[in-house]
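One letter stands for each residue in the lines below.
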Amino acid sequence: MLKTMVTFGDMDAQGYLDRLFVHKDHQNEGIGTMLCDALEALATKRVITQASITAKPFFAHRGYRCIQKQIVYVQGVAMENYWMEKIIP
C-alpha cells in the first residue's frame, strides 16, 4: 500500500520555523493550523519564517507581520518570498 505524507513542519530552538508543509490534497482542512499551533506553543519570544507567496496569507492571518520581501534563487530560478515574524505574548 502506497502512503502519502500529509504534513510536516519544524522549528529550531530560536523560533525559526523552517518548514511547514501540507499536501495539496489536504489543504484547508485545518491540518496546517493545528501543526502551526503546536510549533508556536514551543516558542518563547517570537517565531520567524520565510514564507512563500502562497504561504504569506496563511501566516498573515495568524498574526505574522512581513519584515522583508526578498528574492531567492533555487537552481537558478528566482522566487519571491517574505521574512515574517510573530511575537509570542
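Scope of this entry: the structure provided in the associated data block. (Residues numbered from 1 in each chain as written. Predicted model: local features only at pLDDT ≥ 70, side-chain atom pairs only at ≥ 80, totals over all residues. Heavy atoms only, no water.)

**Here's the deal with the overall build of the chain**
Here is the rule we go by: Numbering goes from the N terminus for both helices and strands, where a helix is a DSSP run of H or I of at least four residues and a strand is a run of E of at least two. Here's how the labels work: a residue is buried when its accessible area is under 20% of the maximum for its type, exposed when over 50%, partly exposed in between, all with a 1.4 Å probe on protein chains only. Where accessible areas are quoted, they stem from the Shrake-Rupley method and a 1.4 Å probe; at the residue level, only the protein chains shown are allowed to cover. This count recognises Lys and Arg as positive and Asp and Glu as negative, with His and chain-terminal groups excluded. A single reference atom marks each charge: NZ on Lys, CZ on Arg, CG on Asp, CD on Glu.
Helix and strand counts for the chain come out as 2 helices and 5 strands. Overall, the chain shows an N-to-C arrangement of helices and strands of β-β-α-β-α-β-β. On the principal axes, the C-alpha backbone points of the chain span a range of 45 × 35 × 25 Å. Split into buried and exposed, the 89 residues of the chain put 29% on the buried side. Total accessible area on the chain stands at roughly 6400 Å², and carbon and sulfur atoms take up 57% of it. The chain carries 10 positive and 9 negative side-chain charges, and their two centres are separated by 3 Å.

**What about the packing of aromatic side chains?**
Here is the rule: Only Phe, Tyr and Trp rings take part, Trp by its six-membered ring, and two of them pair if their centres are within 6.5 Å. Stacked means planes under 30 degrees apart, edge-to-face means over 60, and tilted covers everything else. Placement of a positive charge over a ring is assigned whenever Lys NZ or Arg CZ falls within 6 Å of the ring centre and within 35 degrees of the normal to the ring plane.
What the rule picks out here adds up to 4 aromatic pairs. Aromatic side chains Phe-59 and Tyr-64 sit 5.0 Å apart centroid to centroid with 70° between the ring planes, which places their arrangement in the edge-to-face category. The buried category is assigned to Phe-59, whose relative accessible area is 4%. These aromatic residues form a ring-pair network of at least three members: Phe-58, Phe-59 and Tyr-64. In this structure, Lys-56 packs its charged tip against the face of Tyr-82, placed 4.2 Å from the ring centre.

**Section: the pattern of salt bridges**
Oppositely charged side chains are able to pair whenever their charged atoms sit close together. This is how it is decided: Here, a salt bridge means any Lys or Arg side-chain nitrogen found within 4 Å of an Asp or Glu carboxyl oxygen.
Applying the stated criterion across every chain yields a total of 8 salt bridges. Here Arg-65 makes a salt bridge to Glu-85, at a shortest N to O gap of 2.9 Å. Of this pair, Arg-65 sits in strand β4 (residues 65–74) while Glu-85 sits in strand β5 (residues 77–87); the two residues are 20 residues apart in sequence, bridging distant segments of the chain. Glu-80 is paired through a salt bridge with Lys-69; the nearest N and O atoms lie 3.5 Å apart. On the criterion of sequence distance, the pair formed by Glu-80 in strand β5 and Lys-69 in strand β4 is long-range, its members being 11 residues apart. Within this structure, Asp-37, Glu-40, Arg-62 and Lys-86 form a network of salt bridges that share partners.

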